[in-house]
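Listed below, chain by chain, are the residues.
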Amino acid sequence: MIISNRRQEFVAAAAAGAARKKHPGKAVLAGGFAGGLEILCTFPTEYVKTQLQLDSRAVTPRYTGIGDCISKTFKSHGFFGFYRGLSSLLYGSIPKASVRFMGYEALRNRMVDQDGKLTQLRTVACGLGAGVMEAILVVCPMETVKVKFIHDQNQPNPKYRGFFHGVREIVKQEGLRGTYQGLTATVLKQGSNQAIRFFVYNNLKSYFQEGDNTKEIGMARTFLCGGIAGAASVFGNTPLDVVKTRMQGLDRHLYRNTFHCAQMVLKHDGLKGFYKGTVPRLGRVVFDVAFVFTIYEQTMKVLDYVWKTD
């Protein structure tokens, strides 16, 4: 009986939380928790994607495709070879997700109507704002370090002994600005990423809720909504991801700016060059976004139950 009553209280708290504005502090905790778990599960596909994008402009490419990249990496470095560079992304994934969801909820709280709903345009604006925030505060410096670290580990004589050593060397040689290479491309990528993801996710969620924003749609449907939102973002902005990766690599000096980098990709690789690494990125992002939204929603329910903010 006690367990039943507590379950009812938990469900009631979750429904009330869905109906009212969400506390940004809860979003920080729930987002960070979801982001940390996600990166541990999906990093190998991120590693393969980055390898293929960096390899595409080599004089003599090492890999003929995804399978070849996986085979050679495993043969040379074993299973944990797919986790080289993990530390840079792990240290960034927690604050990245925290800033993203905190930014989204903070903007959403200001833009919702009295019924707790957003117009389509405002949903896009909230997602865009959240993406720009995470790009500037977290993603750009962390992604720059990650790409340079992975690129360096494939050189005959790697110069970075680890994440922190890599950061020190980059800042020492290039200054703080060295960790903000490709900022324009990163802002464009993350802004469009989150605009697409939150727009698609919220519309699918609303469809399943049938007009009642207090209705629970369940973990399976939440996972489905997140997965579709992730797939939409991949096809929508992989070109920006390719340009961002090249702007943050060790060969960044070959490009004058983001636009020049895009021109070089088009000149040397054609339109298909903008979709290098799409398949491994699709596999990672679909699961990534589905996983993060699901864990985020479930964690928020727990926080609404144990942390009263009214």
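Owing to the predicted nature of the structure, the values given are computational and were not obtained by experimental measurement.

A. Local environment of the pattern of salt bridges. Summed over the entire model, instances satisfying the criterion amount to ten salt bridges. A salt bridge links Arg 246 to Asp 269; the shortest N-O distance between them is 3.0 Å. Here Asp 269 lies in helix 9 (residues 258-269) and Arg 246 lies in helix 8 (residues 218-248), a separation of 23 residues in the sequence. One salt-bridge network, in which partners are shared between bridges, spans Lys 22, Lys 205 and Glu 297.

B. Region of interest: the environment of Gln 190. With respect to the secondary-structure elements, Gln 190 resides in helix 7 (residues 183-209). Distance from Gln 190 to Asp 241, taken between C-alpha atoms, is 9.0 Å for residues 51 residues apart in sequence. Those residues in contact with Gln 190, other than ones at most four positions away along the chain, are Gly 131, Glu 134, Ala 135 and Val 139.

C. Inspection of the state of the cysteines at higher detail. Tallied over the entire structure, the rule returns zero disulfides. Here Cys 126 is not cross-linked by a disulfide; its sulfur's nearest cysteine counterpart is in Cys 225, at 18 Å. Free cysteine Cys 261: the closest other cysteine sulfur is in Cys 140, separated by 13 Å. Residue Cys 261 is classed as buried on the basis of its relative accessible area of 0%.

Rules and cut-offs
- Residues numbered from 1 in each chain as written.
- Predicted model: local features only at pLDDT ≥ 70, side-chain atom pairs only at ≥ 80, totals over all residues.
- Heavy atoms only, no water.
- Salt bridge = Lys/Arg side-chain N within 4 Å of Asp/Glu carboxyl O.
- Helix = DSSP H or I, 4+ residues; strand = E, 2+ residues; numbered from the N terminus.
- Contact = heavy atoms within 4.5 Å.
- Disulfide = S-S within 2.5 Å.
- Buried < 20%, exposed > 50% of the residue type's maximum accessible area, 1.4 Å probe, protein only.

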